[in-house]
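# Examining the three-dimensional arrangement
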Amino acid sequence: MLSLFEIAALLLVLSAILSWVNRAYIKLPHTIGLLVMALLSSFALLASEALFPALSMTDTLQSALGQIDFNETLMKGMLGFLLFAGALHVDFAKLRSAKWAIGSMATFGVILSTFIVGTGFYALAQAFGVQLPYVWALVFGSLISPTDPVAVLSILKTVKMPKSLETKIAGESLFNDGVGVVVFTILLAIAVGSTGSADAAHAVADAAHGSGHGGTTVFGIIELFVVDAIGGALLGLLAGWIGYKMMARIDEHAIEVLISLALVAGTYALAQRINILGHHLSGPIAVVVAGLMIGNKGAAFAMSDHTRTALFGFWEMVDEILNSVLFLLIGLEILVLGLAPDFAFITLLAIPLVLLARLCAVYVPMKVIGAFKEFTKGAVPVLTWGGVRGGISVALALALPDNEYKPLILTATYGVVIFSIIVQGLTVKNVVQRSVDPTLL
């Protein structure tokens, strides 16, 4: 049994070594390179274990990974810091100018994608003789539909595109996480309630996002959205304003960096503790709003040039370190996930299904609100291909209760996420170059 310090040391050492190998020899984008090497290392270890079982080469690593609760580590640990770091760099004026496009994709788009993926996944399961209830197929649709802010923001660093388009992709990914988890929570409660106890559904929903007990009536769903999303935004606005005022009173970069750290940790923890009508607030939405406040109003009016450089540099470093560990973990998790090879064909077919749903989630809201005139030419293919899935989907799949449907959903989720990060992440630059007017790049 490894200690917490030893597990952290192991992950940091592996991240540093693989990052160096990638930078020195392979030269892939940083996080994608880490994921690829972690996956290859995992497959090599599994092959070695199969060929030479007496060596027990994977025991130490599997023991360490087995002690890490991926869902808890990401959703209630890393995510708040990663979202805040990403939100710091988003221009609020550009975000506000694209509010209808971002809002429609982050809400209606997620819901539409959930039902398209869920219906298609149900049909695939039936075609392959797998008896998957429709509501459980919708659960898969809900956890795979939101784009992952961590993965999206990481990949955007490697791609040059028009600022207006970058803002839409980043803004949507920052806000659709909270909406997606609410949809996931509701569908999970219905699914477990139809096949098991409602208490189990509530317990898993709490584990997934701290979202408390949510009703499955229309009123209960509206109530959950209002408390979770709007409540989280208001908390983030208040916390960000307090942090801004504290920073404006002093000029000491070390203390202001400390304030920003406390702002993230305190806001995220408080969101999970506040209970309104049986629901908790959205921690992700709260820290995104706080990050926008500090990154825009705070940077402009509450920081000297030296403090601004120090604070943004610190959060860039935090972002790089946590991203490195997260993408390493995604690659290594294959050692302990217990994926089901029997579902390989369904997983492969789920990839184009998710991409089709993403296309609809981008195109339909834009067509409905008549926002194409506001878009850069070629925006739809870029938004579709750039809608990368990541660790949040894996974390939600791992939060599902153990039953006969979890292996299929977990395997399909992991397959879609790996394809999304590696294939879409490595080729989105080409899609931008082919779709967008070169004079805008």
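Residues numbered from 1 in each chain as written. Predicted model: local features only at pLDDT ≥ 70, side-chain atom pairs only at ≥ 80, totals over all residues. Heavy atoms only, no water.

### Looking at the pattern of salt bridges
Inspection of the entire model under this criterion finds seven salt bridges. Between Glu-320 and Lys-157 there is a salt bridge, with the nearest N and O atoms lying 3.4 Å from each other. Of the two residues, Glu-320 is situated in helix α14 (residues 305-332) and Lys-157 in the loop between α8 (149-156) and α9 (163-195); the sequence distance between them amounts to 163 residues. A residue is classified by how much of its surface remains accessible, and Lys-157, at 48% relative accessible area, is partly exposed. Across the pair Lys-406 and Asp-402 runs a salt bridge whose closest N-O atoms are separated by 3.3 Å. A relative accessible area of 12% places Lys-406 in the buried class. (Salt bridge = Lys/Arg side-chain N within 4 Å of Asp/Glu carboxyl O. Helix = DSSP H or I, 4+ residues; strand = E, 2+ residues; numbered from the N terminus. Buried < 20%, exposed > 50% of the residue type's maximum accessible area, 1.4 Å probe, protein only.)

### Quick notes on the environment of Ala-85
By the secondary structure assignment, Ala-85 is in helix α4 (residues 70-88). Note on Ala-85: relative accessible area 4%, which makes it buried.

### Some details on the environment of Arg-389
Summarising the element assignment, Arg-389 is placed in the loop between α16 (379-385) and α17 (391-398). Here Arg-389 falls in the buried class, since its relative accessible area comes to 2%. As for Arg-389 and Val-417, which are separated by 28 residues in sequence, their C-alpha atoms are 5.3 Å apart. If we ignore the near neighbours within four places in the chain, the residues touching Arg-389 are Ser-113, Ile-144, Ser-145, Pro-146, Thr-147, Asp-148, Ala-151, Val-354, Arg-358, Val-417, Ser-420 and Ile-421. A distance of 3.0 Å separates a polar atom in the side chain of Arg-389 from the backbone oxygen of Ser-145. (Contact = heavy atoms within 4.5 Å. Polar contact = N/O pair within 3.5 Å; in protein donor to acceptor, adjacent residues only side chain to side chain.)

### Considerations on the domain arrangement of the chain
Here the chain is partitioned into domain 1 (4-66) and domain 2 (69-435). A straight line from the C-alpha centre of domain 1 to that of domain 2 covers 26 Å. At the interface, 24 residues of domain 1 touch 24 residues of domain 2. Both sides together, the interface formed by domain 1 and domain 2 hides about 2,100 Å², and carbon and sulfur atoms give 82% of it. (Domains from an automatic or database assignment. Buried area = accessible area lost by both parts, 1.4 Å probe.)

### Structural notes on the side chain of Ser-154
Secondary-structure assignment places Ser-154 in helix α8. Excluding residues within four positions of it along the chain, Ser-154 makes contact with Thr-31 and Asn-323.

### What to know about the nonpolar core
Formed by 133 residues in total, the largest nonpolar core has its most connected members in Leu-74, Phe-121, Trp-136 and Leu-143. Both domains that furnish three or more residues to this core are identified here as domain 1 (4-66) and domain 2 (69-435). Of all hydrophobic cores here, the second largest spans five residues; its members include Val-227, Leu-235, Leu-281 and Ala-286. (Core = buried A, V, L, I, M, F, W, Y, C linked by side-chain atoms within 4.5 Å.)

### Overview of the packing of aromatic side chains
In the structure shown here, the tally under the stated rule is eight aromatic pairs. Ring geometry for Phe-81 and Trp-315: centres 6.3 Å apart, planes at 20°, overall stacked. Placement of the pair is Phe-81 in helix α4 and Trp-315 in helix α14, with a sequence separation of 234 residues. By relative accessible area, Phe-81 is classed as partly exposed at 22%. Taking relative accessible area as the criterion, Trp-315 reaches 0% and is therefore assigned buried. When the centroid spacing of 5.5 Å and the interplanar angle of 85° are considered together, the rings of Phe-314 and Trp-315 count as edge-to-face. Residue classification places Phe-314 among the partly exposed positions, given a relative accessible area of 27%. These aromatic residues form a ring-pair network of at least three members: Phe-81, Phe-84, Phe-314 and Trp-315. (Phe/Tyr/Trp six-rings, centres within 6.5 Å; stacked < 30°, edge-to-face > 60°.)

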